[in-house]
Amino acid sequence: MGWLSKIFKGSSHSITEGHSHRNYGEDPHCYAPSTSGDLRLEQENEDIDRAIALSLLEENRKGENVIDKESQVEVSWIDKESQVEEDEQLARAIQESLNLESPPRQGTAHTHQHFPVIQFPEGYRICAGCNNEIGHGRFLNCLDVFWHPECFRCHACHQPITDIEFSTSENRPYHKSCYREHYHPKCDVCKHFIPSNHGGLIEYRAHPFWVQKYCPSHEHDGTPRCCSCERMEPQDTAYVALDDGRKLCLECLDSAIMDTNECQPLYLDIQEFYESIHMKLEQQIPLLLVERQALNEARDGEKNGYYHMPETRGLCLSEEQTVTTILRRPRFGSGNQAMNIITEPYKLTRRCDVTAILILYGLPRLLTGTILAHEMMHGWMRLQGFRTLSPDVEEGICQVIAHWWLISQLKSSKKVTSTSSSSAAGTSKKGTGPKFDKKLGEFFKHQIETDASPVYGDGFRAGQHAVQKYGLGRTLDHIRMTGRFPY
């Protein structure tokens, strides 16, 4: 199972007086862009305005007798005061054009120089916060618009932003602390903000199906995973500890099958499924739920077989041996520790080519059923006299049948709900019910379909292709005759 690694790159910007720097990360896995703006308070300067006006007036007096070069007509300055007013407006426009900057663009840094503010035309400055005219006095020029200082507020907490630096998302301003709280990823295991790596980038791991985010350090600090859904144990939630060292999350515990007797209704359900696809088992094969140690010992006692690593969760046995089975489900004491589990030895006798099917106890119903459907296919082929097959063909066709059964369960939510009543009596229910069962079933289906192993993964995909093209009956006939999938 491959794990996803995400690296986020956020831009950090220093703010200096009269300048605004804005950069965006260009990494495709970039975390929501974080930019910093420059809050530059501008004070109108009437003395500069008066100086500009007097200078223009003096120049105008010198030019009272100007000759238009194109028409050679003498122009008389009839209304001097009117012309001075026009020139003043022109000076204001020129000054304003120096004071406006182009908006920053993604991936580039712009420096903004703010000039002293002179009088603007009436109604020119409109506050982006309250939509009222700003007029004379203090104002901010941020995000390419104007603001009253009290109107420039954080989009999260709605309080005015008075810090020198701020952050933005979707062109909305945030306090840097509010932005971190809303957008900086938190670890789903320790609940802390995921730290930056040595390069200043936010790096985390994510489960490819559950998208559980966690700090990379948790892969090496002994944080346990659920033996069923593979999610890491959050530090504020205690998983159930089974006797054989495995951990089980509380959601998977809801439908976990804990002993051999509890598994019998599921066994009958899968036998009916086999009959529905015209593959009835002619002999009753004993089914036993066992602990991890007993399963590993039984595997070592088999002469033949290929086993899924890193952990085998089911076996179809052909040899005579004694197996320790779970007779009665455990109780769970303090710290969610399994207690008082009752086992008994079970002597397997060889009456046919299959002596028993063993399944690891404590797994959810849908996972237990998927494993059982797979192992029953091994038993069916041995009882039908199939030759010894290559691992990818035998395990591949068994995965196809398990996949079929799982899909039939996902399509029948009513069936899943009714049969899940046999789960874990006496344990605390969390109310997850059919909704989580369906999600869990989708995860097991995803595991089969994305398995990267050359035997179980590639074998399943080759078998699925053959069955879709030729049908199950013709595919099995071809395997019986040639030992290979038809192409």
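The next thing to look at is the pattern of salt bridges. Applying the stated criterion to the full structure yields 12 salt bridges. Put simply, Arg 205 and Glu 219 hold a salt bridge, and the shortest N to O gap is 3.6 Å. Taken together, the residues Arg 205 in strand E8 (residues 202-206) and Glu 219 in the loop between strand E9 (213-214) and strand E10 (240-241) connect sequence positions 14 residues apart. Judged by relative accessible area, Glu 219 falls into the partly exposed class, the value being 30%.

Mapped onto the elements, Ala 356 comes out in strand E19 (residues 356-360). Along the sequence, Ala 356 and Pro 286 sit 70 residues apart, while their C-alpha atoms lie 4.7 Å from each other. Setting aside its immediate chain neighbours within four residues, Ala 356 contacts Ile 285, Pro 286, Leu 315, Cys 316, Leu 317 and Leu 348.

Let us look at the nonpolar core. Core analysis: the largest hydrophobic core is formed by 80 residues, its most contacted members being Leu 248, Tyr 274, Met 279, Leu 358, Met 377, Trp 380 and Ile 397. When sequence neighbours within four positions are dropped, the list of residues in contact with Met 279 reads Tyr 274, Met 377, Trp 380, Ile 401, Leu 472 and Leu 476. Among the nonpolar cores identified, the runner-up in size contains 11 residues, and Leu 143, Phe 166, Tyr 174 and Tyr 179 belong to it.

On to the sheet that holds strand E14 (residues 314-317), then. In any sheet, the strands associate via hydrogen bonds between backbone groups, in a parallel or an antiparallel arrangement. With respect to topology, three strands assemble into an open sheet ordered E13-E19-E14, the strand pairing being mixed. Both edges of this open sheet fall to strand E13 (287-290) and E14, since each of them pairs with a single strand only. Within this sheet the neighbouring strands show an average axis-to-axis angle of 20°, counted without direction. Relative to E19, E14 runs antiparallel, the two sharing four bridges. Residue Cys 316 lies in a different strand from E19, and its bridge partner there is Ile 357. Packing of helix H7 (residues 365-383) onto the sheet brings it into contact with E13, E14 and E19, and relative to E14 it is tilted by some 20°.

The rules behind the values
- Residue positions are given per chain, counting from 1 as you read along its sequence in written order.
- Under the rules for a predicted model, residues below a pLDDT of 70 receive no local features and side-chain atom pairs below 80 are neither given nor counted, while totals for whole chains, interfaces and linings still include all residues.
- Think of the side-chain values as coming from all heavy atoms in the structure, minus any hydrogens and water.
- One speaks of a salt bridge when a side-chain nitrogen belonging to Lys or Arg is within 4 Å of a carboxyl oxygen belonging to Asp or Glu.
- Secondary structure elements follow DSSP: runs of H or I no shorter than four residues count as helices, runs of E no shorter than two count as strands, and numbering proceeds from the N terminus.
- Working definition: with a 1.4 Å probe on protein chains only, accessible area under 20% of the residue-type maximum means buried, over 50% means exposed, and in between means partly exposed.
- Residue contacts are defined here by distance: any two heavy atoms, one from each residue, within 4.5 Å place the two residues in contact.
- What we call a nonpolar core is a set of buried Ala, Val, Leu, Ile, Met, Phe, Trp, Tyr and Cys residues that are connected through their side-chain atoms within 4.5 Å.
- DSSP bridges decide pairing: two strands pair if at least two such bridges lie between them.
- To obtain an axis, a line is fitted to C-alpha atoms, over the contacting stretch when the element is a helix, and the angle between two such axes runs from 0 to 180 degrees between their N-to-C directions.

Shape is all these values report; function is a separate question.
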